[in-house]
Amino acid sequence: MKTKTVIIGGGISGLSIGHYLNKINSDFLIIEKNNRLGGNIFSENINGFICENGPNTILLNNIEIKELIEDINLSKEIYWPNEKVIKNRYVLKNNILKRLPTSLLDFLSTDLISIKDKVSIFKEPFISKHKKDTSISNFFKKRFGNGIYTNFVLPFITGIYAGKPEMISVKYGLNKIWELEQSYGSILKGLILKKRKKEKSMIFSFSNGLSDLINGIAKPILNKIKTNTRIKKINYNENLYYIYTEKEIIECEKIICTIPAFNIADLINNNELKNELLNINYLPVDIIHLGFKKNTIKNKDMGYGILTKPSDKKSFLGVLFSSRIFPHTSPKDQELFTVIIGGDRQKELCNLEENKLQKIIIEEVKEMLEINSTPSFIKHFKWKKGIPQYDLRHNKLLNCIKKFNLNNPNFHLLSNYTNGISVSDCVKKAKKIVDKLYL
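Residues numbered from 1 in each chain as written. Predicted model: local features only at pLDDT ≥ 70, side-chain atom pairs only at ≥ 80, totals over all residues. Heavy atoms only, no water.

Chemist: What is the right way to read the overall build of the chain from this model?
Modeler: Each helix and strand in the chain was counted, giving 17 helices and 20 strands. Scaling as 2.2 N^0.38, a compact globule of 439 residues should have a C-alpha radius of gyration of about 22 Å, and the chain matches this with 23 Å. With respect to the principal axes defined by its C-alpha atoms, the chain has extents near 70 × 55 × 40 Å. In the chain, buried positions account for 54% of the 439 residues. (Helix = DSSP H or I, 4+ residues; strand = E, 2+ residues; numbered from the N terminus. Rg over C-alpha atoms; globule rule 2.2 N^0.38 Å. Buried < 20%, exposed > 50% of the residue type's maximum accessible area, 1.4 Å probe, protein only.)

Okay, structure coming up:
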């Protein structure tokens, strides 16, 4: 079989590339080893509960994601959350839910941090900017002090990467924050100036969850997708690539590889890049969805959810108030909570038997939310290698990829392990690579 471009991987990155190539009538083929498309995006509708086993929402924060949704006629199918609900994020203090401040007045009145910590924020514009990359932990401790870092930043980073901020690069893990400091000399100054120019971004979902987006992208190009197709090896000869699958040999001019780094390593012969890809730390994550009858839940805090820090001594990283964000995700007389467990802090919990872990989590959630019943619904999903970490070696990885691209100009790597892990980041990168290579 012959085609111009082969896209390896049928997740959001690979499908988005296919979508944009299809718009310019380019000849391409998407190869996916599993029978399911979507990669980390995986929604299930079970007995009226819409469970997101991967990303829970998408942020409408760039023109590429807007264009994609309009192209596949899903703009009118978007489900928006209640803005008043999602602005409320909670942390724990003495095992009690406390709302994170959302305004200057909230910040000055919160009991989550000391007066000394509150004063430190006003000193931030006078602190010199970093000359080189550092960890998220060092970065925020320098600019805001330990109190703000421990109570606000640490839970927030847990919610994004499930990793230790001491190990994550601020330059690459929180690129927008890094750019604010580098461009304006201060995060606060940068936020104030950028806020005047920037439109507000909003999270969203769809009636059947984020898999509606995957299905919407895939439907027009299904004839250009091969699922259940495992690649055994790739050879290069006379400006052409030969992809050997279990069933056939596919000949192409270009390859765009969007699969996880630990799978790509098996397909390339460059030892330096292979080592860097294998060094990317993918953290395990367990997702447990719990449904409870509304009339058995005493806690009525309306918000996005709760994130924890190590000192809370909880067996979960966070709990999303799924049906409080999007009421359509549960039956009307019930509520759905999505519990995230694992990451760097709780790796050992991911090795427990499912029944044992569920029992621990159910008891902690019931106590925290004051629930006096057993769950009416339980769904457990495991990611053995879930979230890639942007560690302090990340710049070396990028240099290796750049060097590889110079030597292999028609073999491109694009996935969530560089330049942003979010869904909208992946869509933006997909559009960018199609524009670069084909327009």
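So that's the structure; there's more coming.
Chemist: So what exactly am I meant to see when it comes to helix 7 (residues 146–161) here?
Modeler: Helical geometry: 3.6 residues make up each α-helical turn, so side chains three or four residues apart lie on a common side. Largest kink in helix 7: about 40°, centred on V153, with the proline P155 one to four residues after it. Among the residues making up helix 7, those that are buried are G147, I148, Y149, N151, F152, V153, L154, P155, I157, T158 and Y161. A162 sits one or two residues past helix 7 and shows a positive phi near 60°. (Bend = angle between axes of the 7 residues up to and from the residue.)

Chemist: Quick question: what am I supposed to make of the sheet that holds strand 15 (residues 282–293) here?
Modeler: Adjacent strands of a sheet pair through backbone hydrogen bonds, lying either parallel or antiparallel. In spatial order, the strands read 8-7-16-17-18-15-19; together these seven strands make up an open sheet with mixed pairing. Every interior strand has two partners, whereas the edge strands, strand 8 (96–99) and strand 19 (377–388), have only one. Within this sheet the neighbouring strands show an average axis-to-axis angle of 30°, counted without direction. Two elements, strand 15 and strand 18 (residues 334–342), share nine bridges in a ladder whose sense is antiparallel. Along strand 18, the bridge assignment pairs L290 with F337. (Pairing = 2+ DSSP bridges. Axes fitted to C-alpha atoms, helices over the stretch in contact; angles between N-to-C directions.)

Chemist: How should the packing of helix 2 (residues 63–71) against helix 17 (residues 423–438) be read in this particular structure?
Modeler: Between two packed helices, what matters for the description is the angle formed by their axes and the separation of those axes. At a closest axis distance of 8 Å, the pairing of helix 2 and helix 17 adopts a crossing angle of 85°. Comparing the axis directions of helix 2 and helix 17 gives the class roughly perpendicular. Contact residues: E64, I65, E67 and L68 in helix 2; S424, V427, K428 and K431 in helix 17. Here the residues of the contact of helix 2 with helix 17 sort into three nonpolar, one polar and four charged. (Parallel < 35°, antiparallel > 145°, perpendicular 65-115°, else oblique. Contact = heavy atoms within 4.5 Å. Nonpolar A, V, L, I, M, F, W, Y, C, P; charged D, E, K, R; others polar.)

Chemist: How should I be thinking about the side chain of Q389 in this particular structure?
Modeler: Inspection of the secondary structure puts Q389 in the loop between strand 19 and helix 16 (394–407). Here the side chain of Q389 touches Y161 through a polar contact of 2.9 Å, landing on its backbone oxygen. Not counting residues within four places of it along the chain, the set of residues in contact with Q389 comprises Y161, G163, I168, I280, N281 and L283. (Polar contact = N/O pair within 3.5 Å; in protein donor to acceptor, adjacent residues only side chain to side chain.)

Chemist: How should I be thinking about the pairing of strand 13 (residues 249–252) in this particular structure?
Modeler: For a regular strand, side chains alternate in direction, first toward one face of the sheet and then toward the other. Of the pairings in the sheet, the one linking strand 12 (residues 240–245) to strand 13 comprises four bridges and is antiparallel in character. In the strand pairing of strand 13, I243 is matched with I250. Hairpin geometry of strand 12 and strand 13 is characterised by an intervening segment of three residues between the two adjacent antiparallel strands.

Chemist: Hey, could you run me through the environment of H380 in this one?
Modeler: Its location among the elements puts H380 in strand 19. Residues within four places of H380 in sequence aside, it is in contact with D286, I287, I288, E354, L357 and Q358. There is a polar contact of 2.7 Å between the side chain of H380 and the side chain of D286. Only 3.1 Å separates the side chain of H380 from the side chain of Q358, close enough to count as a polar contact.

Chemist: Would you take a moment to explain a nonpolar patch on the surface for this structure?
Modeler: Together, L104, L108 and F122 line one region of the surface with nonpolar side chains, adding up to about 300 Å² of accessible area. Along the chain, the position of L108 falls in helix 4 (residues 104–109). (Patch = residues over 30% accessible without salt bridge, like charges linked within 9 Å, V, L, I, M, F, W, Y side chains within 5 Å. Areas by Shrake-Rupley, 256 points an atom, 1.4 Å probe, with all protein chains shown as cover. Salt bridge = Lys/Arg side-chain N within 4 Å of Asp/Glu carboxyl O.)

Chemist: Sorry if this is basic, but what is going on with the sheet that holds strand 6 (residues 78–79) here?
Modeler: Strands sit in the order 5-9-6 across an open sheet of three strands; the sheet is antiparallel. With partners counted over all chains shown, the strands left at the sheet margins are strand 5 (58–60) and strand 6, one partner each. As paired strands, strand 5 and strand 9 (residues 202–206) are joined by three bridges and run antiparallel to one another. Among the inter-strand pairings, I58 is bridged to a residue of strand 9, identified as F204.

Chemist: Whenever I open this one, the nonpolar core confuses me. Can you help?
Modeler: Soluble globular proteins tend to bury their nonpolar side chains together. Counting 36 residues, the largest nonpolar core has I12, I17, I69 and L213 as the members making the most contacts within it. Elements that contribute at least two residues to this core include exactly helix 1 (12–23), strand 2 (28–31), strand 5, helix 2, strand 9, helix 11 (211–218) and helix 17. For this core, the element with the most residues is helix 17, which contributes seven residues. Setting aside residues up to four positions removed in sequence, L213 forms contacts with I12, I58, L68, I69, I72, L74, F206 and V423. (Core = buried A, V, L, I, M, F, W, Y, C linked by side-chain atoms within 4.5 Å.)

Chemist: Looking at this structure, how should I read the pattern of salt bridges?
Modeler: Close approach of charged atoms lets side chains of opposite charge pair. Within the structure shown, the criterion is met by 19 salt bridges. K403 is paired through a salt bridge with E272; the nearest N and O atoms lie 3.4 Å apart. Of the two residues, K403 is situated in helix 16 and E272 in helix 13 (residues 271–278); the sequence distance between them amounts to 131 residues. Where K382 meets D286, a salt bridge forms, and the shortest distance between an N and an O atom there is 2.8 Å. Residue K382 is located in strand 19, and its partner D286 is located in strand 15; the two are separated by 96 residues in the primary sequence. A cluster of three or more residues bridged by salt bridges with shared partners is formed by K23, E67 and D71.

Chemist: What is the right way to read a positive patch on the surface from this model?
Modeler: On the surface, K176, K194, K428, K432 and K436 cluster together into a patch of positive charge. With three residues, helix 17 is the single largest residue contributor to the positive patch. With respect to the helices and strands, the residue K436 is situated in helix 17. (Lys, Arg positive; Asp, Glu negative; His and termini not counted. Charge placed at Lys NZ, Arg CZ, Asp CG, Glu CD.)

Chemist: It is not clear to me how helix 13 should be interpreted in this structure. Could you clarify?
Modeler: Where helix 13 is concerned, the buried positions are L273, E276 and L277. For helix 13, the angular spread of buried residues about the axis comes to 100°, placing them on one side. Where helix 13 is buried, its residues contact helix 12 (261–264), helix 16 and strand 20 (411–413). Structurally, the start of helix 13 carries an N-cap: the backbone nitrogen of E272 is 3.2 Å from a side-chain oxygen of N270. (Arc of directions from axis to C-beta.)

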